[in-house]
Amino acid sequence: MIKKAAALMISTLLVAHASAAEKLTLVLDWYINPDHAPIMVAEQIGAFKAEGLDVKIVPPSDPAIPPRLVAAGQADLAVTYQPQIHFFADQGLPLVRVGTLINSPLNTVMTLDKNITSPAGLKGKKIGFSVSGIEQATLATMLAHDHLSINDVKMVNVNFQLTSALLAGQVDAVIGGYRNIEALELKLQGKTPTVFNVEDYGVPAYDELILVANRNEAQQPKIKKFLAALKKGSDYLHAHPQETWQAFASAHPELNTELNKQAWMKTLPLFTRDPAHLDRQRYQAYEQFLFDNKLIKKMTPVENYAVE
């Protein structure tokens, strides 16, 4: 009887502990991939549980939806991109950046033409793109750095088929390919791409992947707990890249590919070591870049859309 009572007490305590874990819903920007490594490692090592959180990680059906779910109060956090938070602020959505995953641009201009050694070599060439507006402004800035204008190239919408368009020779270069994905994909196909990082040619550096919360919920303790756990995940990832990759590959066998393995290692130095840290000047500079290129209607103070 005593043993049964003790077992019942332990069971009750375990249930109470489980129910005490605070629920948090995180919607990713896309399906799970190596760009999410600190999140996945935080889950691997039990960092969320250690902070008293029960985190539900949700890949979206549509990459445009996650921030809007947060704005509508249907999710606690979403992974999105720094350029997007400026657009959301311009539209008046109640979203603020609360953390960063990748604090380096991933966007590039890539070519397989060995004669193109700088953006100046793009004169008269066909450039494939997928996202209108921001890609043109980015490329225009890179071309201006080398004393050309957007009128010196021909822009071709390749509908997100950047790699295949380049391989098929439909275009001479592409903008929008990531240095940690498409560049590796081309190399795995035996090609040697020339890669121009956008921030090396006049485009302000920015955080590629960020976490956004609803402005009314941004100071909730569970948001701070999530960021603390994310830092533990990032620290462990940096210290144990091979071990964490093996655990990720085991947990997601469908993603256990050579491309994802290389992307895991390539992205490693680009993950921020302090997810909560905010570089206000960086956000101010990118806001100015978007305003100067007439992509936003007004300048919004940083504190309105990004907090630390």
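What you see as residue numbers is a count from 1 along each chain, following the sequence as written. In keeping with the predicted nature of the model, local features appear solely for residues at pLDDT of at least 70, side-chain atom pairs appear and are counted solely at 80 or more, and the whole-chain, interface and lining totals rest on all residues. Values reported for side chains reflect all heavy atoms of the structure, with hydrogen atoms and water molecules removed beforehand.

Caption draft 1: Region of interest: the packing of helix α2 (residues 37–44) against helix α10 (residues 241–251). Between α2 and α10, the least distance of the axes is 10 Å, while the angle of their chain directions is 85°. Regarding the angle of α2 to α10, the classification is roughly perpendicular. When α2 is examined against α10, the residues Met40, Val41 and Gln44 are found in contact with a partner set consisting of Thr244, Ala247 and Phe248. Among the residues forming the contact of α2 with α10, the class breakdown is four nonpolar, two polar and no charged. Helix axes are fitted only over the stretch in contact, all axes being lines through C-alpha atoms; the angle between N-to-C directions runs from 0 to 180 degrees. Think of it this way: any DSSP run of H or I at least four residues long counts as a helix, any run of E at least two long counts as a strand, and we number them from the N terminus. Our angle categories are set so that under 35 degrees counts as roughly parallel, over 145 as roughly antiparallel, 65 to 115 as roughly perpendicular, and the remainder as oblique. What makes two residues a contact is simply this: any of their non-hydrogen atoms within 4.5 Å. Gly is put with the polar residues, along with every residue not named as nonpolar or charged; the nonpolar set is Ala, Val, Leu, Ile, Met, Phe, Trp, Tyr, Cys and Pro, and the charged set is Asp, Glu, Lys and Arg.

Caption draft 2: Local environment of the sheet that holds strand β4 (residues 95–102). What the five strands build is an open sheet, ordered β2-β1-β3-β10-β4; its pairing is mixed. Both edges of this open sheet fall to β2 (53–58) and β4, since each of them pairs with a single strand only. Geometrically, the sheet is characterised by an average inter-axis angle of 30° between neighbouring strands, direction not taken into account. In terms of strand pairing, strand β1 (residues 22–27) meets β2 through six bridges, oriented parallel. Opposite Val27, over in β2, you have Val58 as the bridge partner. What makes two strands pair is DSSP finding at least two bridges between them.

Caption draft 3: Spatial organisation of the UniProt feature "domain: SsuA/THI5-like" (unreviewed entry) in the chain. The positions that UniProt labels "domain: SsuA/THI5-like" (unreviewed entry) are, in the present scheme, residues 33–243. Each end of residues 33–243 is marked by a C-alpha atom, and these two atoms are 16 Å apart; helix forms 36% of the span and strand 23%. UniProt positions are given in the numbering used here, feature names are shortened, and annotations may be inferred rather than shown by experiment.

Caption draft 4: Representation of the nonpolar core in the model. We define a nonpolar core as any set of buried Ala, Val, Leu, Ile, Met, Phe, Trp, Tyr and Cys residues linked to one another through side-chain atoms lying within 4.5 Å. Note on exposure labels: buried denotes an accessible area under 20% of the residue type's maximum, exposed denotes more than 50%, and partly exposed covers the range between, all computed with a 1.4 Å probe on protein chains only. Ranked by internal contacts, the top residues of the largest apolar core, which has 41 residues, are Leu26, Ile39, Val98 and Phe226. No other element matches the six residues that helix α9 (residues 221–239) contributes to this core.

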